[in-house]
Amino acid sequence: MSVLATPSVENTRSRLVVDLDAIARNFQTLQKLTPTAETGAVVKANAYGLGAGPVARRLMKEGARTFFVATVEEGVEVREALADPTPDIWVFSGYRAKDRPLYVKHRLGAVLNQPGETAQFRAAPAGPCAVHIDTGMSRLGYGAGDISGLLNALQNLDVSLVMSHLACSEESASTNNLRQLERFTALTNALPETRLSLANTGGVLLGERYQFDVTRPGIGLYGATADLSADNPFEPVVTLEAPILQLREIDAGDTVGYGATYVAHSPRLVATVGAGYADGLPRALSGAGCARIAGLRAPVLGRVSMDLTTLDVTGLEHEISQGAVPEFLGPDLYQAAALDNTLPYETLTGLGARAERIYKGTP
Ligand SMILES: *Cc1c(COP(=O)(O)O)cnc(C)c1O
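Residues numbered from 1 in each chain as written. Predicted model: local features only at pLDDT ≥ 70, side-chain atom pairs only at ≥ 80, totals over all residues. Heavy atoms only, no water.

## A word on the overall build of the protein chain
On a plain count of helices and strands, the protein chain comes out with 12 helices and 21 strands. For the protein chain, the spread of C-alpha atoms along the principal axes amounts to about 75 × 40 × 35 Å. Taking all contacts inside the protein chain whose residues are at least 6 apart in sequence as the whole, residues at least 24 apart take part in 66%. (Helix = DSSP H or I, 4+ residues; strand = E, 2+ residues; numbered from the N terminus. Contact = heavy atoms within 4.5 Å.)

Below, the structure is given as structure tokens:
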């Protein structure tokens, strides 16, 4: 085997390229699928790993007025990024009185999930609140048996949203969806009239009767759906660019990577790229996934290691000499998630802190 001259790359670090225009188009697609309700935006977990600040700012420009995060700290980050007090930011994880100063200072909306939270909130309300009722997820939210007490507890509070979450929205044929829809309708009929929210991305795709007043899509904004089998109306928004650090020719019989799991049957051109599982590339791509070089497939050879991955770039010499950089994820996000026995949600939120985040398109 021998090392070939590699087009010199200045940067040896991986880059996560996030296409803000694609996120904006996915937001518009969600709006088109939602003829009467407002399209909200879930930007929890650092906008599914892509960067809450730049993503929320662009979505606000696109017209988003209602954001959702998981924690108070995420809410503060989004409010500071928006630098505008008008959009609503709801915090899913529940209200704690010790956080009241942050709720007030950053105008965050408390989501009340259970009687103890409502009691803490009542003692010193921090603006408008939302109520989360459980309709079949058994995770967070008031249960059907808690509703009568809730009516009392909500007196004199400014409840501006009642929400619930679907367990099986990505399975359009699941009878759970209809059951949750019916429970949501029955329970919210017993509560004071206010804005209602049931649909995540999968719920939006279930159709208009699931959409109520405001929707809560997350994954659709970021280019995926939870249903790996269905047509995906959203476009990819993120690629992980991995610079080529070394190029080598190997001979039949040579092996590649830890465990020598790949054995060449014929001479191959191998590119070693600067991204591995510490950058968020699933280790499950070992010997199975691929990158794209100028849109052409470059299979992963052998094991993905912590900082490096080896690609078969035989036949791609021209593209490489033109400076094309290998890209992971993008249109292959689904395949990467499937190989890893998971969903795009986990693959996206697993994207490491090491990759530099680069934003394409209008900020
Ligand atoms: C994460 C989350 C969402 C967004 O779900 P997607 O499937 O990503 O669209 C909506 N609502 C709640 C309560 C969530 O936790």
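## Focus: the sheet that holds strand β5 (residues 66-69)
Backbone-to-backbone hydrogen bonds pair the strands of a sheet. The strands run either parallel or antiparallel. Ordered by their spatial adjacency, seven strands build an open sheet running β4-β5-β6-β7-β8-β9-β10, and the pairing between neighbours is parallel. Whereas interior strands pair on both sides, the edge strands pair on one side only; in this sheet they are β4 (41-42) and β10 (196-197). Judged from the two bridges that link them, strand β9 (residues 159-163) and β10 form a sheet pairing that is parallel. Directly across from Val 162, in β10, lies its bridge partner Leu 196. Along the sheet face, helix α4 (residues 72-82) touches β5 and β6 (88-91) and points at about 165° away from the line of β6. (Pairing = 2+ DSSP bridges. Axes fitted to C-alpha atoms, helices over the stretch in contact; angles between N-to-C directions.)

## Observations regarding the packing of aromatic side chains
This structure, assessed with the given rule, holds six aromatic pairs. An angle of 35° between the planes, with centres 6.1 Å apart, marks the rings of Tyr 48 and Tyr 345 as tilted. One end of the pair, Tyr 48, is in helix α2 (residues 44-48); the other, Tyr 345, is in helix α12 (residues 344-349), with 297 residues separating them in the sequence. Residue Tyr 48 is classed as buried on the basis of its relative accessible area, which comes to 7%. Site record: aromatic cluster; members linked through ring pairs are Tyr 48, Tyr 222 and Tyr 345. (Phe/Tyr/Trp six-rings, centres within 6.5 Å; stacked < 30°, edge-to-face > 60°. Buried < 20%, exposed > 50% of the residue type's maximum accessible area, 1.4 Å probe, protein only.)

## Examining the packing of helix α3 (residues 52-61) against α4
Remark: α3 packs on α4, axes separated minimally by 9 Å, with the N-to-C direction vectors making an angle of 55°. Classified by the interaxial angle, the pair formed by α3 and α4 is oblique. Helix-helix and strand crossings are classified by hand; for α3 and α4 the assignment is right-handed. Between α3 and α4, the residues in contact are Ala 52, Gly 53, Ala 56, Arg 57 and Met 60 and Glu 77, Val 78, Ala 81 and Leu 82, respectively. Its residues placed into classes, the contact of α3 with α4 shows six nonpolar, one polar and two charged. (Parallel < 35°, antiparallel > 145°, perpendicular 65-115°, else oblique. Left-handed = near helix turned anticlockwise from the far one by under 90°. Nonpolar A, V, L, I, M, F, W, Y, C, P; charged D, E, K, R; others polar.)

## Some thoughts on the site of the ligand
Contacts to the ligand come from 14 residues, most closely from Lys 44, Tyr 48, Thr 201, Ile 219 and Tyr 345. Taking Thr 201, its side chain carries an N or O atom lying 2.6 Å from an oxygen atom of the ligand. The separation between an oxygen atom of the ligand and a polar main-chain atom of Ile 219 is 2.8 Å. Protein burial of the ligand: of its 390 Å² of free accessible surface, 93% is covered by the chains. A majority-of-atoms criterion places the ligand in the largest pocket. In terms of residue class, the shell around the ligand is made up of seven nonpolar, four polar and three charged. (Near = heavy atom within 4 Å. Polar contact = N/O pair within 3.5 Å; in protein donor to acceptor, adjacent residues only side chain to side chain. Areas by Shrake-Rupley, 256 points an atom, 1.4 Å probe, with all protein chains shown as cover. 1 Å grid on protein atoms, 1.4 Å probe; cavity = no way out; pocket = protein on both sides within 12 Å on 5 of 7 lines; lining within 4 Å. Sits in = over half its atoms within 2 Å of the grid points.)

## Side note on the packing of helix α1 (residues 20-32) against α3
Put simply, α1 and α3 touch, their axes get as near as 10 Å, and they point 50° apart. Put simply, α1 runs oblique to α3. The handedness of the crossing between α1 and α3 is right-handed. On α3, the residues that touch Leu 20, Asp 21, Ile 23, Ala 24 and Phe 27 of α1 are Pro 54, Val 55, Arg 58 and Leu 59.

## Thoughts on the domain arrangement of the protein chain
Domain assignment breaks the protein chain into domain 1 (2-16 + 237-360) and domain 2 (34-215). Taking only C-alpha atoms, the centre of domain 1 and the centre of domain 2 are 39 Å apart. Domain 1 puts nine residues into the contact, and the matching count from domain 2 is six residues. The contact between domain 1 and domain 2 buries some 640 Å² in all, and 69% of this surface belongs to carbon and sulfur atoms. One can count zero salt bridges joining domain 1 with domain 2. In this assembly, domain 1 and domain 2 are joined by two residue pairs in polar contact (both at pLDDT 80 or more). Looking at which element gives the most residues to the side of domain 1 that touches domain 2, the answer is α12, with three residues. (Domains from an automatic or database assignment. Buried area = accessible area lost by both parts, 1.4 Å probe. Salt bridge = Lys/Arg side-chain N within 4 Å of Asp/Glu carboxyl O.)

## Details of helix α6 (residues 115-123)
The set of residues buried in α6 consists of Glu 117, Thr 118 and Phe 121. Take α6 and look down its axis: the buried residues cluster within an arc of 100°, on one side only. Buried-residue contacts for α6 involve β7 (109-112), β8 (129-132) and α7 (147-153). (Arc of directions from axis to C-beta.)

## Considering the side chain of Thr 34
With respect to the helices and strands, the residue Thr 34 is situated in the loop between α1 and β3 (38-39). Residue class for Thr 34 comes out buried when judged on its relative accessible area of 3%. Leaving out residues up to four positions away in the same chain, Thr 34 has contacts with Thr 39, Val 204, Gln 211 and Thr 215.

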